[in-house]
Amino acid sequence: MHDDIFPVPEGTRQRSPNPLTTLDAWRAMRADAQHDPDAFWLAETRRRIAWRTPPTLGLEGSFRDIGEQPVAWFADGTLNVTESCLDRHLATRGDKVAILWEGDEPDQVRRITYAELHAMVCKAANALSDLGVRKGHRVIIYMGMVPEAVVAMLATARLGAVHSVVFGGFSSDSLRDRVIDCGARVVITMDEGLRGGRKIPLKATVDHACLGLDVQHVVVLRHTRGPVGWVEGRDVDWHQIVQPASAEHRAVECAAEDPLFILYTSGSTGKPKGLVHTCGGYLTWVSFTHQHVFDLREDDVYACVADIGWITGHSYIVYGPLANGATTLVFESTPLYPDAGRYWDMVERHKLTIFYTAPTALRTLAAAGDAFVERSNRSSLRVLGTVGEPINPGAWIWYHGVVGEGRCSIVDTWWQTETGGICIAPLAAVTPQKPGSATLPMPSIEPFLVDARGDRVRGPGSGLLCLEWPWPGIARTVWGDHERYVSTYFGQVPPYYFTGDGCRRDEDGYFWITGRVDDVINVSGHRMGTAEFESALVSVDAIAESAVVGYPHTMKGQGVYAYVVVQPGVAWTAELERAAHDSIRTSIGAHARVDCFQLVPGLPKTRSGKVMRRILRKVAEGDPSNLGDLSTLADPSVVDAIIDGALTPPNRG
Ligand code: PRX
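> Now, about the domain arrangement of the protein: what can you tell me, with residues and values included?
Much of the literature gives interface size as the accessible area that the parts lose upon coming together. Split into domains, the protein comes out as domain 1 (1-439) and domain 2 (520-644). Taken together, the two surfaces of domain 1 and domain 2 that pack against each other cover about 1,600 Å², and 46% of this comes from carbon and sulfur. Counting across the domain 1 and domain 2 interface gives 1 salt bridge. Arginine 527 is paired through a salt bridge with glutamate 418; the nearest N and O atoms lie 2.7 Å apart. Where domain 1 packs against domain 2, one counts 13 residue pairs in polar contact (both at pLDDT 80 or more). Ranked by residue count, the leading element in the side of domain 1 that touches domain 2 is helix α14 (residues 359-368), at 4 residues. Its residues assigned to classes, the side of domain 1 that touches domain 2 comprises 5 nonpolar, 13 polar and 4 charged.

Structure follows, in structure tokens:
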């Protein structure tokens, strides 16, 4: 394990205008929050957020009572989040660039000031209002990375309606499930997305997803101007309704705990769940963490290259940066288009100062060779962030040394869709870094580790990562299924929040996330449930049973290894494998793909019929020697057959 300490680079520390510059001050801030969370967060939120009615209440409820009622923060406050993200900046930052957009082709650039963004959002809010969108209604957004996607989110929020952004890689089946689950009557999409020169038929996917559903309007932004189907009466052209609308709009007043958005994410069982984030606590959390972790300054040009279809895009492309009045990049393309130097060319082109990406991209770019990095001037960079999966020390060192020329802070940020924003991470200007460690927790994040016996680990050691206290950004519920929320997150180590991650704490109290301990796999930073793969596979007639596990993949973090049992008399052919791939693409999306299929005579099950995944994971990892206790297996001979037929999946690390 790499336990070298990298001090905060001198330049970063000295030039920081932020008052918080020492680790002791940071620890004191944490202690304040621990001592009196209500006072601490009420002071933070009043400074950060443009409340209509400033709150007097801090935290209401507790993890212990979460079954009866979700926790609430700032419950007596009222606001509209878009006033914090737009209106209040007009006087001081009206001409500052809010959104810096770079399209699929590097020469396509748009710069949208706060004043312009405010006008665009007001127009879109008026147009959506004319279509009947009201407070509390759900609006699905299925778009590529264009400024109008951000406008659509903010316009929905301005009406007090609830957006649910669906990543443009999801299939029509996945999109349909989400439209049905949240009961959306309006879908906002575009004709086609563009990524690396490829067109993505978004409108056609929406048409398919909405067949037979009670969707009243599909708003379509013309982007590529490619041909699309048109349902008269239902479909409306974005520009036709937005352009003529008034650029003045009085934002709808919301309670702090009104839902702001629903974002679906995969769990270890069943269908994806819609995590609900609310207005006041969420915005406070993303504003606080975005400022402190990245050491944000007024003249920063900040770039997070995630997609708004994921929580990273919500919190650190849209809400955190805009609440803080920052210039935020919206990037349509991929790190490899037109070649592996795209990110670093972009750094030079826009003089980016903060750059936030995922380890999977770094590993891919490091493999492409340093020449792609070195051809661009990166002297503007000060802070480099990562998120989404554990970063291996090799990739960390490469990011620090090659991309950052040893000059930049690296912030490895651990958090989840459920946590709303960053929970464990260094502060760029404050925390000494260790390659591979997310370092120390934010205020009100009280992590603890639980060992296999269910006991708390004291001091250095490893275990399941749990959080003891409710923080303002925590998701409040699962849309339409509070029981599922309670049992998933608070039923494993009751009454605390269980993250699903394994973790080590070292002698300095630094946290090292080791990855998921449940049946969630993280492929290239995309979170997927093994159950979703399995249900897609068994929907192929010839496949009788299947079990899917992750294995360590040198590029993608985890790869997908599928064990399949075919129906009697059926052979595993190239055609059947194609059908299996197709089924997964149709039911989940193009970003979900099995790397390796192993045909097996049966799955290792206990006598009560439970699949022993531990065995399957070990075999996929190439470590079948220590399978542990096999005495509860119904048919031990199955295991021998699985080991004999084991394959070496691609890029196993
Ligand atoms: O396993 C952890 C991993 O990503 C999971 C959360 O995935 P998602 O909800 O899609 O959100 C991703 C973006 C916040 C976590 O349970 N993860 C996220 N960040 C890190 C990480 N693992 C290790 N280190 C990180 N910095």
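> Report on the site of the ligand, specifying residues and quantitative values.
Surrounding the ligand, one finds 17 residues, the nearest of these being Asp412, Thr413, Thr417, Asp501 and Arg527. Aspartate 412 is positioned with one of its side-chain polar atoms (N or O) 2.7 Å from a nitrogen atom of the ligand. Here an oxygen atom of the ligand sits 3.5 Å away from a polar atom, N or O, in the side chain of asparagine 522. Notes on the ligand: free accessible area 540 Å², of which the protein chains cover 95%. Those elements that place two or more of their residues in the shell around the ligand are α12 (311-323), β20 (409-413) and β25 (511-516). Of the residues that constitute the shell around the ligand, the class distribution is 6 nonpolar, 6 polar and 5 charged.

> With reference to specific residues and values, describe the packing of aromatic side chains.
Counted by the stated rule, this structure contains 33 aromatic pairs. Considering the side-chain rings of tryptophan 73 and phenylalanine 74, the 5.6 Å spacing of their centres and the 55° angle between planes classify their relative orientation as tilted. A connected cluster of aromatic rings, assembled from ring pairs, spans Phe63, Trp471, Tyr485, Tyr489, Phe490 and Tyr497. Sitting over the face of the ring of tryptophan 512, arginine 504 holds its NZ or CZ atom 4.7 Å from the ring centroid.

> Outline a negative patch on the surface, listing residues and values.
A cluster of acidic residues, Asp32, Asp36, Asp38, Glu60 and Asp76, forms a negative patch at the surface. By the secondary structure assignment, aspartate 76 is in the loop between β2 (72-73) and β3 (78-79).

> How would you explain the sheet that holds strand β24 (residues 497-505) if you had to name every residue and give the values?
Spatial strand order, β21-β22-β24-β25: 4 strands in an open sheet with antiparallel pairing. Both outer strands of the open sheet, β21 (447-450) and β25, are each paired with one neighbouring strand and no more. Within this sheet the neighbouring strands show an average axis-to-axis angle of 45°, counted without direction. Relative to β24, strand β22 (residues 461-467) runs antiparallel, the two sharing 6 bridges. Across the sheet, residue glycine 461 finds its bridge partner in β24, namely arginine 505.

> Residue-level account of the nonpolar core, with values.
Formed by 160 residues in total, the largest nonpolar core has its most connected members in Leu117, Ile188, Phe294, Tyr319 and Phe533. The residues that make up this core include at least three from each of domain 1 (1-439) and domain 2 (520-644). The residues touching isoleucine 188, leaving out its near neighbours within four places in the chain, are Leu128, Val139, Ile140, Ile141, Tyr142, Met143, Ala152, Val219 and Trp238.

> Could you give an account of the pairing of β25, with specific residues and numbers?
Summarising the sheet, β24 and β25 pair through 5 bridges and their orientation is antiparallel. Note on β25: the bridge partner recorded for arginine 504 is tryptophan 512. A loop of 5 residues connects β24 with β25, the two strands running antiparallel in sequence, and glycine 509 in this loop sits at a positive phi of about 80°.

> Could you give me a rundown of the side chain of glutamine 598, with the residues and numbers involved?
Along the chain, glutamine 598 turns up in strand β30 (residues 596-599). When its relative accessible area of 2% is taken as the criterion, glutamine 598 is described as buried. Once residues within four sequence positions are removed from consideration, glutamine 598 is found in contact with Tyr561, Ala562, Tyr563, Val564, Ala641, Ile642, Gly645, Ala646 and Leu647.

> Help me get a handle on the confidence of the model for the protein, residues and values and all.
Summary statistics for the protein give a mean pLDDT of 96 and a share of 99% for residues scoring 70 or more. Taken element by element, the protein is modelled with least confidence in helix α1 (residues 10-15), mean pLDDT 74, and with most confidence in helix α7 (residues 147-158), mean pLDDT 99.

> Give me the pattern of salt bridges: which residues, what numbers.
For the structure on display, the rule yields 42 salt bridges. Between glutamate 298 and arginine 93 there is a salt bridge, with the nearest N and O atoms lying 2.8 Å from each other. On the criterion of sequence distance, the pair formed by glutamate 298 in the loop between α11 (279-294) and β16 (301-304) and arginine 93 in helix α5 (residues 90-93) is long-range, its members being 205 residues apart. Between glutamate 405 and arginine 378 there is a salt bridge whose closest N-O contact spans 3.7 Å. Of this pair, glutamate 405 sits in the loop between α16 (393-403) and β20 while arginine 378 sits in the loop between α15 (371-374) and β19 (383-387), placing them 27 residues apart in sequence. Taking the relative accessible area as the measure of exposure, arginine 378 reaches 5% and is therefore buried. Several salt bridges share partner residues, and in doing so they unite Lys203, Asp207, Arg234 and Asp235 into one network.

Conventions we followed
- Residues numbered from 1 in each chain as written.
- Predicted model: local features only at pLDDT ≥ 70, side-chain atom pairs only at ≥ 80, totals over all residues.
- Heavy atoms only, no water.
- Domains from an automatic or database assignment.
- Buried area = accessible area lost by both parts, 1.4 Å probe.
- Salt bridge = Lys/Arg side-chain N within 4 Å of Asp/Glu carboxyl O.
- Polar contact = N/O pair within 3.5 Å; in protein donor to acceptor, adjacent residues only side chain to side chain.
- Helix = DSSP H or I, 4+ residues; strand = E, 2+ residues; numbered from the N terminus.
- Nonpolar A, V, L, I, M, F, W, Y, C, P; charged D, E, K, R; others polar.
- Near = heavy atom within 4 Å.
- Areas by Shrake-Rupley, 256 points an atom, 1.4 Å probe, with all protein chains shown as cover.
- Phe/Tyr/Trp six-rings, centres within 6.5 Å; stacked < 30°, edge-to-face > 60°.
- Lys NZ or Arg CZ within 6 Å of the ring centre and 35° of its normal.
- Patch = residues over 30% accessible without salt bridge, like charges linked within 9 Å, V, L, I, M, F, W, Y side chains within 5 Å.
- Lys, Arg positive; Asp, Glu negative; His and termini not counted.
- Charge placed at Lys NZ, Arg CZ, Asp CG, Glu CD.
- Pairing = 2+ DSSP bridges.
- Axes fitted to C-alpha atoms, helices over the stretch in contact; angles between N-to-C directions.
- Core = buried A, V, L, I, M, F, W, Y, C linked by side-chain atoms within 4.5 Å.
- Buried < 20%, exposed > 50% of the residue type's maximum accessible area, 1.4 Å probe, protein only.
- Contact = heavy atoms within 4.5 Å.
- pLDDT = per-residue confidence, 0-100.

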